[in-house]
Amino acid sequence: MSSVIPRLAVVAAGAMGAAVAKRLTSFGCTVYTNLNGRSEATRKRAQDAGMIDLSVDDLVLKSDWILSILPPRDAVSFAEKIQKVAAKHGSALLSPRTFVDCNAVNPETVKRIAALFAGTSIGFVDAGIIGGPPKGDYNPTFYASAEDMRILDEFTTLSKYGLKVSPLKGEGVGVGDASALKMSYAGITKGTTGLYTTMVLAAHASSPATADALMRELQMSQPILLDRLVKTVPPMLPKAYRWIGEMEEIAGFVGGSEGDVYRGIAKVYERIEKSIAGDQEDIATLKSFVEKAKESR
């Protein structure tokens, strides 16, 4: 890579992508994106982050790094699009560039994506983002792994421009390991949030009195669990639609019948998504449980 300040493409300009872009532009980086077909809210986020709207072809031609930060269901199709554009331009790609998959996908999916760039001039980094969007002094961690240690070291230098990059190195480490870490972490954190949600709704379905008794018992015997429930369930609600695909990816990572645990949690998040778009009864139940838990402290 060039020693000059890097040019990066960040797709898409969602909550995470735009916040990552804003952090990079605040350090003087040029950040591109593609806003074709995106909402006005997304366009406003991109503008506020200092992102420059380009066609996908120009993203590939102008960027040193292409960071894919998308819902899991879009990860493969976006990588295929980039690979096709790169193949079309061929010799026009005079400088090296690297595709970085930052999505919540399982190791098999990310290896499939990496294979798209095998034998091309485009390098590949597997990156798993752990944490929320950058804000103030806070940065999530980009855990990264690659087959080419030189490319991995170059990606790590982006720490100079506001990203918190933690490379995975050691015997046997390569593409798939950063995604495996992301799956394992999210399986614990978002998985337990799904379990809390499931049992609160199940208790309430028995009777509101059952849910109230559950809350009181947790307060007495499991205050740490109740505190975690109170902190994680409300912010999950608007994100549930994005977590459906992530739970399905985790199910594939776990594999076998054990993965059914996460297929079930994906159904829970699908239920929350439908409630938000529909009668919102489940949302009201969860919010009421949380408010009563707060008042009982």
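Model, not experiment: these values are computed from the prediction. Every chain begins its residue count from 1, and numbering advances along the sequence as written. Selection of residues for local features in this predicted model requires a pLDDT of at least 70, selection of side-chain atom pairs for listing and counting requires 80 or more, and totals for whole chains, interfaces and linings are taken over all residues. Hydrogens and water molecules were not included; the side-chain quantities draw on all heavy atoms of the structure.

Participant: Would you mind going over the side chain of Ser145 with me for this structure?
Facilitator: Going along the chain from the N terminus, every DSSP run of H or I of four or more residues is numbered as a helix, and every run of E of two or more is numbered as a strand. One can find Ser145 in strand E7 (residues 141–145). Residues adjacent in sequence count toward polar contacts only when both atoms are side-chain atoms; beyond that, a polar contact is any pair of N or O atoms within 3.5 Å, and within protein one must be able to donate a hydrogen and the other to accept it. Within the structure, the side chain of Ser145 is placed 3.2 Å from the backbone nitrogen of Ala178, a separation counted as a polar contact. Ignoring sequence-local partners within four residues, the contact set of Ser145 consists of Val125, Asp126, Leu152, Leu168, Val173, Gly174, Val175, Gly176, Asp177 and Ala178. Residue contacts are defined here by distance: any two heavy atoms, one from each residue, within 4.5 Å place the two residues in contact.

Participant: Any chance you could explain the packing of helix H11 (residues 260–277) against helix H12 (residues 281–295) here in plain terms?
Facilitator: A pair of packed helices is captured by two measures, namely the crossing angle of their axes and the spacing between those axes. An axis is simply a line fitted to the C-alpha atoms; with a helix, the fit covers only the stretch in contact. Between two such axes, the angle follows the N-to-C directions and lies from 0 to 180 degrees. Here H11 crosses H12 at 105°, and the two axes come no closer than 7 Å. Regarding the angle of H11 to H12, the classification is roughly perpendicular. Between H11 and H12, the contacting residues are Arg271, Ile272, Ser275 and Ile276 on the first element and Glu281, Asp282, Ile283 and Leu286 on the second. In the scheme used here, Gly and all other residues not listed as nonpolar or charged are polar, with Ala, Val, Leu, Ile, Met, Phe, Trp, Tyr, Cys and Pro taken as nonpolar and Asp, Glu, Lys and Arg as charged. Tallied by class, the residues present in the contact of H11 with H12 amount to 4 nonpolar, 1 polar and 3 charged. Should an angle fall under 35 degrees it is taken as roughly parallel, and over 145 as roughly antiparallel, whereas 65 to 115 is taken as roughly perpendicular and any remaining angle as oblique.

Participant: What is the right way to read the environment of Asp126 from this model?
Facilitator: Mapped onto the elements, Asp126 comes out in strand E6 (residues 122–130). Expressed as a C-alpha distance, the spacing of Asp126 and Pro107, which sit 19 residues apart in the sequence, is 9.1 Å. Leaving out residues up to four positions away in the same chain, Asp126 has contacts with Asp101, Val110, Tyr143, Ala144, Ser145, Val175, Gly176, Asp177, Ala178 and Ser179. Within the local environment of Asp126, its side chain forms a polar contact with the backbone nitrogen of Asp177, the two atoms lying 3.5 Å apart. In terms of polar contacts, Asp126 uses its side chain to reach the side chain of Ser179, at 2.6 Å.

Participant: Explain the layout of surface pockets to me, please; I cannot follow it from the model alone.
Facilitator: Over the atoms rolls a probe the size of a water molecule, and its path tells where empty space is left. The computed volume of the largest pocket comes to approximately 1,300 Å³. Taken together, 43 residues form the lining of the largest pocket, with Met16, Ile69, Leu70, Arg242 and Trp243 sitting closest to its centre. Those elements that provide at least two residues to the lining of the largest pocket are helix H1 (15–26), helix H4 (75–89), E6, helix H7 (177–206), helix H9 (223–236) and helix H10 (240–254). Looking at the lining of the largest pocket residue by residue, the class counts come to 21 nonpolar, 11 polar and 11 charged. Cavities and pockets are defined on a 1 Å grid built over the protein atoms alone: a cavity is a set of grid points where a 1.4 Å probe fits but cannot escape, while a pocket is an open set with protein on both sides within 12 Å along at least five of seven lines, and lining residues are those with an atom within 4 Å of any such point. Grid points are joined across faces, edges and corners, and a volume is the space filled by probe spheres set on the points.

Participant: What is the right way to look at the packing of aromatic side chains in this model?
Facilitator: Two aromatic rings are characterised by how far apart their centres lie and by the angle between their planes. Stacked, tilted and edge-to-face are the three classes applied to pairs of Phe, Tyr and Trp rings, where Trp contributes its six-membered ring and a pair requires centres within 6.5 Å; stacked means planes under 30 degrees apart, edge-to-face means over 60, and tilted covers the rest. Tallied over the full model, the rule gives 6 aromatic pairs. The interplanar angle of 55° and the centroid separation of 5.6 Å between the aromatic rings of Trp65 and Phe155 together place this pair among those described as tilted. Of this pair, Trp65 sits in strand E4 (residues 65–68) while Phe155 sits in helix H6 (residues 149–156), and the two are 90 residues apart along the sequence. For every residue, the accessible area (1.4 Å probe, protein chains only) is compared with the maximum for its type, and the residue is labelled buried under 20%, exposed over 50%, or partly exposed between those bounds. Of the residues examined, Trp65 reaches a relative accessible area of 2% and is grouped as buried. With a centroid separation of 6.0 Å and 35° between ring planes, the pair formed by Phe78 and Phe99 is classed as tilted. In this pair, Phe78 is assigned in helix H4 and Phe99 in strand E5 (residues 97–101), connecting sequence segments 21 residues apart. Of the two residues, Phe78 and Phe99, both sit in the buried class. Grouping aromatic residues by their ring pairs yields a cluster made of Phe78, Phe99, Phe117 and Phe124.

Participant: Looking at this structure, how should I read the side chain of Arg97?
Facilitator: Within the secondary structure, Arg97 is located in strand E5. In this tally, Lys and Arg are treated as positive and Asp and Glu as negative; His is ignored, and so are the chain termini. When a carboxyl oxygen of Asp or Glu lies within 4 Å of a side-chain nitrogen of Lys or Arg, that pair is called a salt bridge. Within the buried set, Arg97 has no salt-bridge partner at all; the shortest N-O distance to an opposite charge, 5.9 Å, is to Asp64. A polar atom in the side chain of Arg97 sits 2.7 Å from the backbone oxygen of Val60. Engagement of the side chain of Arg97 in a polar contact is seen with the backbone oxygen of Ser63, the distance being 3.4 Å.

Participant: Can you help me understand the sheet that holds E7 in this one?
Facilitator: One key point about sheets: their strands pair by backbone hydrogen bonds, in either a parallel or an antiparallel sense. Spatial ordering of the open sheet is given by E3-E2-E1-E4-E5-E6-E7-E8, a layout of 8 strands whose pairing is mixed. Either end of the sheet is taken by a strand with one partner, and the two such strands are strand E3 (52–53) and strand E8 (164–167). Judged from the 4 bridges that link them, E7 and E8 form a sheet pairing that is parallel. Pairing of Tyr143 across the sheet is with Ser166, part of E8. By this definition, two strands are paired if DSSP reports at least two bridges between them.

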